[in-house]
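Architecture and fold: a report
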Amino acid sequence: MILGQSQNIFSLLWNYILSVFSFDPNSPLLFTQLQFWAFFALVFTFFALVKNRPLMRNTYLFFVSLLFYYKTSGLFVGLLAFVTVSDFFIAQGIYKVRNSAPWKRKALLCLSVTIDLGILCYFKYAYFLADFINTILGTHIVVTNVVAAWGNQILGSHIFNVDSIILPVGISFYTFQVISYTADVSRGIIRPVRNILDFGFYVSFFPQLVAGPIVKAKDFIPQLHRKYNLSRLQFGMAVFWILNGLLKKLILSDYLAVNFIDRVFENPHLFTGFENLSALFLYSMQIYADFSGYTDIAIGLSLLMGFYLPRNFNSPYKAPNCSNFWKRWHISLSSWLQSYLYIPLGGNRNTTFGTFFWIGFMTLSALILCGSWWVALGVAVLAGMVAFTAWRHPEKRRKIDANLNAMITMLLGGLWHGASMNFIIWGGLNGVGMVVFKFWRDWSTPLRTIVSTGILAVLVGLTFVCPGPLLNMFIAFMLLITVSMWVRFIYALLHGKHIFGWAEHAWSVLVTFIFITFTRLFFRSGSNLDPAVANDTAWSIATRMVKSIGSQWTANPLDIISAYHNVFILFVLGMIIHWLPTRVKRRYRIMFAKMPLPLMCVVVIVTVFIAFQFITAKLQPFIYFQF
């Protein structure tokens with residue numbers, strides 16, 4: 001009897017160990033799962049034994065990170081290992097020839113970037129490129145998973161699906177991370193890591209592996225050999241960031257998505273125009289709470305293990321303009337694009353061959369995929385105006401160059417997020433917002449007033465051609481801007497100075513938030529889609545939502561708000577907390593971090609209990625996992 005019980009216990013224990021080291025595609029490790037926190041508790045227990053031995057600590061965390069990625073993405077862990085080995089040895093070669101043979105250094109850097117971007121393009125942009133080629137050449141290329149076919153041949157089986165290409169989780173993040181490493185080694189900013197285990201740890205550190213923040217080598221590698229240090233205040237701050245991230249994800253992001261946003265985006269035509277419009281604004285809150293919630297948890301977990309990750313969000317909806325928004329939103333990506341794309345293109349100094357190459361490629365892509373001669377004519381006229389301005393006004397050439405490079409950076413930033421025209425449009429709209437703001441900022445108050453009045457007149461004229469609620473909203477929005485500009489202009493004439501203060505800043509913040517929200521129409525409609533159908537489906541979702549918002553509203557908005565009162569209350573509370581002054585947020589963070597440990601434990605238990613009351617039937621993956 002005792003022997004049988006022992007065998008049953010051993011069998012249960014063995015099955016549990018197998019489940020720990022097995023991959024279940026229907027149950028990846030998520031920060032919102034209890035399984036993850038059990039996993040982290042076990043990891044941290046053994047980490048405590050090696051935390052003061054850097055090589056052992058880094059090696060241990062490297063293999064833990066590989067296990068974590070395997071639990072999240074299965075056999076794609078082999079792809080992560082390949083990129084790690086490839087860039088490690090190429091960077092070693094770059095360092096050896098950095099002074100003796102500059103052409104070899106450049107060739108090796110190109111090899112590294114080609115391998116990394118080639119892998120990324122295969123898994124992420126195969127359908128997009130096939131659609132592009134088929135449209136240009138009239139061919140009928142069908143995307144096949146060549147890698148899966150090779151795997152089946154090697155194993156002599158058919159376990160891999162060759163009919164579709166699955167995007168590995170986090171591939172965009174760790175690809176940009178290894179590119180920053182080889183680029184910094186090539187520039188002489190850092191020395192290459194000597195130990196491949198240390199480098200593997202840098203590439204795969206599990207808290208930020210699958211959704212960032214993107215960590216530059218020069219910021220993280222110096223931490224590899226630092227002694228472990230965690231003060232009482234740092235411990236409290238780490239716990240705060242973890243709780244803060246969980247609350248954002250479970251209460252704000254998931255609850256809003258499941259109870260309102262996802263329903264509207266799945267079938268926009270079944271909902272009223274006001275519900276479609278509300279879904280856009282709620283989605284702005286959802287994606288912020290989702291993505292910043294993930295990075296908050298990642299920062300907190302990393303801090304517990306003695307590592308510092310860069311800040312990725314700085315209250316982005318406080319931004320008074322589009323340029324400032326991108327200094328507050330996804331800061332690690334914006335910084336990466338500036339260092340490794342915008343500046344190499346010429347930055348604010350001049351244009352390069354890359355500038356004109358990407359202008360041509362993106363324009364051709366838009367024209368072919370849109371299939372409209374009116375779009376072609378519009379692009380041609382715009383290009384002609386820019387070229388004429390640069391020719392007639394050489395003093396403006398540098399500003400034009402900077403704006404062209406900024407626009408290309410935003411377009412490619414949009415393409416980084418997803419392989420569909422919707423993401424390119426989203427990136428382009430943000431680029432337009434940045435460029436328009438730069439010109440608007442340089443105009444005088446009288447010129448701004450005249451321009452805003454002219455735009456308002458055009459919109460009013462359009463009501464006789466295509467009347468509708470959407471156009472009325474734009475007119476109301478533009479009317480407020482125009483009135484504010486006239487008030488500012490008249491005040492300046494009477495008093496010899498402009499109106500400044502919190503009211504003007506608040507108005508700028510509101511305008512920017514509304515603009516960013518409307519661009520998200522294209523971002524959200526392209527998300528959560530099979531790459532094979534993303535282009536057509538994303539565009540149809542976006543157009544259906546625009547038509548619904550622009551059609552006659554048949555329901556009373558107050559009735560809709562009453563029906564979904566919990567959703568709208570959460571949205572308002574989230575915005576209020578988001579817009580709190582920075583000093584207030586800093587104060588309550590420090591207050592929490594300095595709490596006595598028993599009181600902190602009580603707060604943690606109560607907070608977790610409340611947060612998990614909002615968990616839906618099926619846990620929602622983090623939005624940026626798909627990028």
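Since this is a predicted model, take the numbers as computed values, not measurements.

Rules of the game
Every residue gets a number counted from 1 within its own chain, in the order that chain's sequence is written. Local features in a predicted model are, by the rule used here, given only for residues with pLDDT of at least 70; side-chain atom pairs are given and counted only at 80 or more, and totals for whole chains, interfaces and linings are based on all residues. Working from all heavy atoms in the structure, the side-chain values ignore hydrogens and water. Salt bridge criterion: a side-chain nitrogen from Lys or Arg within 4 Å of a carboxyl oxygen from Asp or Glu. Any residue under 20% of the maximum accessible area for its type is buried, any over 50% is exposed, and the rest in between are partly exposed; the area is computed with a 1.4 Å probe on protein chains only. The secondary structure listing takes helices from DSSP runs of H or I that are at least 4 residues long and strands from runs of E that are at least 2 residues long, numbered from the N terminus. Throughout this description, a polar contact denotes any pair of N or O atoms lying within 3.5 Å of each other; where both atoms belong to protein, one of them has to be capable of donating a hydrogen while the other can accept it, and for residues adjacent in sequence the pair is counted only when both atoms sit in side chains. We call two residues contacting when some pair of their heavy atoms lies within 4.5 Å. Within 6.5 Å between ring centres, the rings of Phe, Tyr and Trp (the latter by its six-membered ring) count as paired, and their orientation is classed by plane angle as stacked under 30 degrees, edge-to-face over 60, tilted in between. Interaxial angle, 0 to 180 degrees, is taken between N-to-C directions of lines fitted to C-alpha atoms, where a helix line uses only the stretch in contact. Angles are sorted into four bins: roughly parallel if under 35 degrees, roughly antiparallel if over 145, roughly perpendicular if 65 to 115, and oblique for all others. In this classification, Asp, Glu, Lys and Arg are treated as charged, Ala, Val, Leu, Ile, Met, Phe, Trp, Tyr, Cys and Pro as nonpolar, and every other residue, Gly included, as polar. A helix is expected to span 1.5 Å for every residue after the first. This arc is taken over the directions from the axis of the helix to the C-beta atoms. Take the buried Ala, Val, Leu, Ile, Met, Phe, Trp, Tyr and Cys residues and link them wherever side-chain atoms come within 4.5 Å; each set so joined is a nonpolar core. Without a salt bridge and with relative accessible area above 30%, a residue can belong to a patch; like charges are then joined within 9 Å and nonpolar side chains (Val, Leu, Ile, Met, Phe, Trp, Tyr) within 5 Å. Per-residue and other accessible areas were derived by the Shrake-Rupley procedure at a 1.4 Å probe size, with only the shown protein chains allowed to occlude residues.

Here we take up the pattern of salt bridges. The full count for this structure, using the stated rule, is four salt bridges. A salt bridge links Asp254 to Lys249, with the nearest nitrogen and oxygen atoms 3.0 Å apart. The same class applies to Asp254 and to Lys249, which are both buried. Two residues, Lys249 and Asp290, come together in a salt bridge whose shortest N-O distance is 2.6 Å. Note that Lys249 is positioned in helix H10 (residues 232-266) and Asp290 in helix H11 (residues 273-304), a separation of 41 residues in sequence. Comparing Lys249 with Asp290, the two get one shared label, buried.

Time to look at the side chain of Thr607. Within the secondary structure, Thr607 is located in helix H25 (residues 597-612). The class for Thr607 is buried, based on a relative accessible area of 16%. Here Val603 takes part through its backbone oxygen, which lies 2.6 Å from a polar atom of the side chain of Thr607. Among residues more than four places away in sequence, those in contact with Thr607 are Leu243 and Leu247.

Attention now moves to the packing of aromatic side chains. In this structure the tally under the stated criterion is 54 aromatic pairs. Judged by centre distance (6.1 Å) and plane angle (35°), the ring pair of Tyr202 and Phe220 falls under tilted. With Tyr202 in helix H8 (residues 196-204) and Phe220 in helix H9 (residues 217-220), this pair connects stretches of sequence that are 18 residues apart. What makes Tyr202 buried here is its relative accessible area of 1%.

Contact geometry for helix H5 (residues 102-137) and helix H7 (residues 171-187): axes closest at 10 Å, N-to-C directions at 175°. Between H5 and H7, the interaxial angle falls into the category roughly antiparallel. For the pair H5 and H7, contact is made by Arg105, Leu109, Ser112, Val113, Asp116, Leu117, Ile119, Leu120, Phe123 and Lys124 and by Ile171, Ser172, Thr175, Val178, Ile179, Thr182, Ala183 and Ser186, respectively. Of the residues contributing to the contact of H5 with H7, the split by class is 10 nonpolar, five polar and three charged.

With that settled, the discussion passes to H25. Between its first and last C-alpha, H25 extends 22 Å over 16 residues, near the 22 Å set by a 1.5 Å rise per residue. Looking at H25, one finds that the buried residues are Met600, Thr607 and Ala611. Looking down the long axis of H25, one finds its buried residues gathered within 35° of arc, a one-sided arrangement. In this structure, H25 carries Pro598, Ile605 and Phe609 as exposed residues pointing more than 90 degrees from its buried face.

Attention now moves to the nonpolar core. Counting residues in hydrophobic clusters, the biggest one holds 146 residues, and the most contacted among them are Tyr181 and Tyr624. Ranked by the residues each element gives to this core, the list is headed by H11, at 18 residues. Every residue in contact with Tyr181, bar those within four places of it in the chain, is listed here: Asp87, Ala91, Ile190, Pro192, Val193, Phe199, Tyr202, Ala217 and Ile221.

Moving on to H8. Counting buried positions along H8 gives seven out of nine residues, so the element sits mostly inside the fold. Along H8, the residues that are buried comprise Asp198, Phe199, Gly200, Phe201, Tyr202, Val203 and Ser204. Next to the buried residues of H8 lie helix H3 (54-73), helix H4 (77-96), H7 and H9. At the N-terminal boundary of H8, the capping side chain belongs to Asn195, with an oxygen 2.7 Å from the backbone nitrogen of Leu197.

Our next topic: the environment of Phe523. Looking at the element boundaries, Phe523 is found in helix H20 (residues 502-525). A relative accessible area of 0% places Phe523 in the buried class. The spatial distance from the C-alpha of Phe523 to the C-alpha of Asn422 is 6.3 Å, given a sequence separation of 101 residues.

A cluster of nonpolar side chains, namely Leu599, Val602, Val606, Phe609 and Ile610, defines an oily patch on the protein surface of about 460 Å² accessible area. Looking at the element boundaries, Val602 is found in helix H25. Residue class for Val602 comes out partly exposed when judged on its relative accessible area of 47%.

Below, the discussion takes up unusual backbone geometry. Of note, the phi angle at Ser315 is positive, near 45°, even though the residue is not glycine. Residue position: Ser315 is located in the loop between H11 and helix H12 (322-325). What makes Ser315 buried here is its relative accessible area of 8%.

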